[in-house]
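These are the residues of each chain, in order.
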Amino acid sequence: MTTEQAQQHLANLVTDAATGQLLEYRHLSTGPNAALWQKALATDLGMLTQGVGTRMPKGTDTIFFINRNQVPSDRKVTYGRLVSTIRPNKDEVHRVRVTVGGDKLDYPGITSTQCASLTTVKCLLNSTLSTPDSKFMVLDIKKFYYGTPMERFEYMKLPLALIPDEIVQQYGLLDLVHDGYVYMEIRKGMPGLKQAGRISSNRLTTHLAKFGYAPVARTPSLWKHATRPITFSLVVDDFGVKYTGEDNALHLINALKSLYDISVDWTGGLFLGLTLEWDYVNRIVYISMPGYIQEALHRFQHEAPSRPQHAPSSWTKPIYGAKVQYADNPNISEDVSFVQQVVGTLLYYALAVDPTMLVALGTIASTQAKATAKTYAATTWLLNYASTHPDAVIRYVASDMILHIHSDASYLSEFMARSRAGGHYFLSSLSATPNKPPVTPPPMNGPLFTISRIMKNVMGSAAEAEIGATYINGQEAIPIRTTLEEMGHPQPPTPMQVDNSTAEGFANDTIKQKRSKAIDMQFYWIKD
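Residues numbered from 1 in each chain as written. Predicted model: local features only at pLDDT ≥ 70, side-chain atom pairs only at ≥ 80, totals over all residues. Heavy atoms only, no water.

**Let's talk about the sheet that holds strand 1 (residues 63-66)**
Turning to step 1, where the next piece is worked out: Reading across the sheet, the 5 strands line up as 1-6-5-2-3 and stay open at both edges, with mixed pairing between neighbours. The open sheet has two edge strands with one neighbour each: strand 1 and strand 3 (94-100). Across the sheet, the mean angle separating the axes of adjacent strands is 35° when strand polarity is ignored.
Turning to step 2, where the next piece is worked out: Looking at chain direction, strand 2 (residues 77-86) and strand 3 are connected through 7 bridges and run antiparallel. Each residue of the ladder has a partner; that of Thr-85, found in strand 3, is Arg-95.
Turning to step 3, where the next piece is worked out: Sheet contacts for helix 3 (residues 34-48): strand 1, strand 2, strand 3 and strand 5 (149-159); angle to strand 3, the most-contacted strand, approximately 45°. (Pairing = 2+ DSSP bridges. Helix = DSSP H or I, 4+ residues; strand = E, 2+ residues; numbered from the N terminus. Axes fitted to C-alpha atoms, helices over the stretch in contact; angles between N-to-C directions. Contact = heavy atoms within 4.5 Å.)

Right, here's the structure in full:
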């Protein structure tokens, strides 16, 4: 993996090279590259308004500078947030985006919009491998949240001190200042508005319907064409497209180009921060996130451990028959925000490419609100593990696209006498006897979905914990089965492997229960 490829994952908020601290525009606009960042903000404001200087004669008329008294008396005014990023592989390397503080607005309409999940994306990657002659490409709508006309205008203000001088001079903003702020009327969609995603999505849906594309019935943000062999998952403005035949891919590209400015990546090499290495000859794809962990460790100023750490969490040998159990000291508090940031940063990475972290992350997250020294030690241990193994890779191979599940549980292994449910979901071959348990284990494949969940109920026995895990895994399997079927891969009864004879007998109704009330009532769902 080259340095340039790794940098594709580092297009995030700007960090201080020495301290790893996140830097905002107010820091950057007075730093050593102040002129670059001020010009970047002026360019974005010019795009949103009516242009800036000779380099951008026209803007998009998204916002207009106004006097404070032009804001309707019954409307709220929100703040503007400036998001600064460095994009090494883009024409515009130093980028500042003006976004709206939507949390202060009171939009009365529907604002929610659907978004494809990682599991849906992974199903689509497997479907591409497993469909003869299919390939994968990535499309991106540039400035997707911009330009959608709004019937109801919104209002925002920015401190005059943050607005570049060339914008102040061109638009005469000194005459519009009120208590140090400049006010703006927002007439078209832009990032941060509560309704931005909804109105942009509705506009896209209406447009693509003219060309025969529509979302499927039940899986969020999974789209198909009415007649053409083309399926795609949509995450905001990014399209992960499975297609068979270049002419079908061009049909979608031309449909989008008739309304939007888009970029096309025929290699399908980068999607949602995931690096995808395709081997169509052998029908294999490798998924990774190079550079992500290194950037996270720099942000947290975490040094490499003195010796390699090969486990994501520590292990304490159980002492059976002990008369005294010692609880964690609740009075020793640590930096809660640090623990929360680590959990948030590593969780996406774990869900995407490294499920070995999920148990440790779940345990840490369950106590992060009242973090103790033990919580902090577990967080440090996990960072040591990430430092030792920074480049996880998932490998998918072509299969019959049949869902298989391995279910397991750990009894009373968590805080407050809780147990943990685990599940490994993968796509493999169709059994010779699809309505019966497989005679031989199916070929393994990369993890499609992984569960590592602390159960809310206190389990009465190890057997009940195992049964509870089958219930949780069975519930989670239903939407995945639906997604696979909507992609064109019919599913037989999903086989679930367990390592507890009581759980197997309970689910298959091959044992006679003597104390049925000892099993939580909701777990009987798995028998149906």
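Having seen the model, we can carry on.
**Comments concerning the sheet that holds strand 17 (residues 418-428)**
Turning to step 1, where the next piece is worked out: Sheet architecture is open: 4 strands sit in the order 18-17-16-19, paired in mixed fashion. The open sheet terminates on both sides in strands that have one partner only, identified here as strand 18 (449-454) and strand 19 (496-497).
Turning to step 2, where the next piece is worked out: Sheet topology note: the strand 16 (residues 402-414)/strand 19 ladder contains 2 bridges and is parallel. Residue pairing across strands places Ile-405 opposite Met-496, the latter belonging to strand 19.

**Re unusual backbone geometry**
Turning to step 1, where the next piece is worked out: In this structure, Asp-133 takes a positive phi of about 70° despite not being glycine.
Turning to step 2, where the next piece is worked out: Relative to the helices and strands, Asp-133 is located in the loop between helix 4 (118-130) and strand 4 (134-141).
Turning to step 3, where the next piece is worked out: Take Asp-133: its relative accessible area is 66%, and that puts it in the exposed class.
Turning to step 4, where the next piece is worked out: Although it is not a glycine, Val-236 adopts a positive phi angle of roughly 60°.
Turning to step 5, where the next piece is worked out: Tracing the sequence through the fold places Val-236 in the loop between strand 9 (230-235) and strand 10 (238-244). (Buried < 20%, exposed > 50% of the residue type's maximum accessible area, 1.4 Å probe, protein only.)

**Examining the nonpolar core**
Turning to step 1, where the next piece is worked out: Counting residues in each nonpolar core, the largest one holds 69 residues, and the members touching the most others are Leu-276, Met-357 and Leu-403.
Turning to step 2, where the next piece is worked out: Contacts of Leu-276, omitting those with residues within four sequence positions, involve Leu-125, Phe-136, Gly-268, Gly-269, Phe-271, Val-285, Tyr-286 and Ile-287.
Turning to step 3, where the next piece is worked out: The next biggest cluster of nonpolar side chains, apart from the first, holds 35 residues, and it includes Met-56, Ile-167, Leu-176 and Leu-193. (Core = buried A, V, L, I, M, F, W, Y, C linked by side-chain atoms within 4.5 Å.)

**Considerations on the packing of aromatic side chains**
Turning to step 1, where the next piece is worked out: Applying the stated criterion across every chain yields a total of 14 aromatic pairs.
Turning to step 2, where the next piece is worked out: The interplanar angle of 5° and the centroid separation of 5.7 Å between the aromatic rings of Tyr-292 and Tyr-349 together place this pair among those described as stacked. One end of the pair, Tyr-292, is in helix 8 (residues 292-299); the other, Tyr-349, is in helix 9 (residues 336-352), and 57 residues separate them in sequence. The two residues Tyr-292 and Tyr-349 agree in class, both being buried. (Phe/Tyr/Trp six-rings, centres within 6.5 Å; stacked < 30°, edge-to-face > 60°.)

**A word on the confidence of the model for the chain**
Turning to step 1, where the next piece is worked out: Averaged over all residues, the pLDDT of the chain is 87; the fraction at 70 or higher stands at 89%.
Turning to step 2, where the next piece is worked out: In the predicted structure, residues 1-12 sits below a pLDDT of 50 and forms 25 contacts with residues beyond four places in sequence or in another chain. (pLDDT = per-residue confidence, 0-100.)

**Quick word on the packing of helix 8 against helix 9**
Turning to step 1, where the next piece is worked out: Relative to each other, helix 8 and helix 9 sit at 175°, their axes nearing to 11 Å. When the interaxial angle is binned, helix 8 and helix 9 end up roughly antiparallel. For the pair helix 8 and helix 9, the contacting residues are Tyr-292, Ile-293, Ala-296 and Arg-299 in the first and Gln-341, Thr-345, Leu-346 and Tyr-349 in the second.
Turning to step 2, where the next piece is worked out: Of the residues contributing to the contact of helix 8 with helix 9, the split by class is 5 nonpolar, 2 polar and 1 charged. (Parallel < 35°, antiparallel > 145°, perpendicular 65-115°, else oblique. Nonpolar A, V, L, I, M, F, W, Y, C, P; charged D, E, K, R; others polar.)

**Notes on the environment of Asp-279**
Turning to step 1, where the next piece is worked out: Mapped onto the elements of the fold, Asp-279 is located in strand 13 (residues 274-279).
Turning to step 2, where the next piece is worked out: Assessed through its relative accessible area of 24%, Asp-279 is described here as partly exposed.
Turning to step 3, where the next piece is worked out: Sequence spacing of Asp-279 and Leu-129 is 150 residues, and the spatial spacing of their C-alpha atoms is 9.0 Å.
Turning to step 4, where the next piece is worked out: Looking at Asp-279, its side chain comes within polar contact range of the main-chain nitrogen of Val-281, at 3.3 Å. (Polar contact = N/O pair within 3.5 Å; in protein donor to acceptor, adjacent residues only side chain to side chain.)

**Focus on helix 12 (residues 462-486)**
Given 3.6 residues per helical turn, the α-helix brings residues three or four places apart onto the same face.
Turning to step 1, where the next piece is worked out: For helix 12, with 25 residues, the first-to-last C-alpha span of 37 Å sits near the 36 Å given by 1.5 Å per residue.
Turning to step 2, where the next piece is worked out: A bend of about 25° at Ala-477 is the largest found in helix 12, and the proline Pro-479 appears one to four places after it.
Turning to step 3, where the next piece is worked out: Directly beyond the C-terminal end of helix 12, a positive phi value near 100° is found at Gly-488. (Expected span 1.5 Å × (residues − 1). Bend = angle between axes of the 7 residues up to and from the residue.)

**Re the pairing of strand 14 (residues 284-288)**
Turning to step 1, where the next piece is worked out: When you tally the buried positions in strand 14, you get 4 out of 5 residues, the bulk of the element.
Turning to step 2, where the next piece is worked out: Two strands pair when backbone bridges link them, and strand 13 and strand 14 are joined in this way by 5 bridges, in the antiparallel orientation. Among the inter-strand pairings, Trp-278 is bridged to a residue of strand 14, identified as Val-285.
Turning to step 3, where the next piece is worked out: Between strand 13 and strand 14, which pair antiparallel one after the other, the connecting turn spans 4 residues, and Arg-283 there sits at a positive phi close to 55°.
Turning to step 4, where the next piece is worked out: With 5 bridges connecting them, strand 14 and strand 15 (residues 393-397) associate as antiparallel partners.

**Comments concerning the side chain of Arg-283**
Turning to step 1, where the next piece is worked out: With respect to the helices and strands, the residue Arg-283 is situated in the loop between strand 13 and strand 14.
Turning to step 2, where the next piece is worked out: Buried and unpaired, Arg-283 has Asp-133 as its nearest opposite-charge partner, separated by 6.4 Å.
Turning to step 3, where the next piece is worked out: At 2.7 Å, the side chain of Arg-283 and the backbone oxygen of Thr-128 are in polar contact.
Turning to step 4, where the next piece is worked out: A distance of 2.9 Å separates a polar side-chain atom of Arg-283 from the backbone oxygen of Leu-129.
Turning to step 5, where the next piece is worked out: Arg-283 has contacts with Thr-128, Leu-129, Thr-131, Asp-133, Ser-134, Tyr-396, Val-397 and Ala-398, leaving out every residue within four places of it along the chain. (Lys, Arg positive; Asp, Glu negative; His and termini not counted. Salt bridge = Lys/Arg side-chain N within 4 Å of Asp/Glu carboxyl O.)

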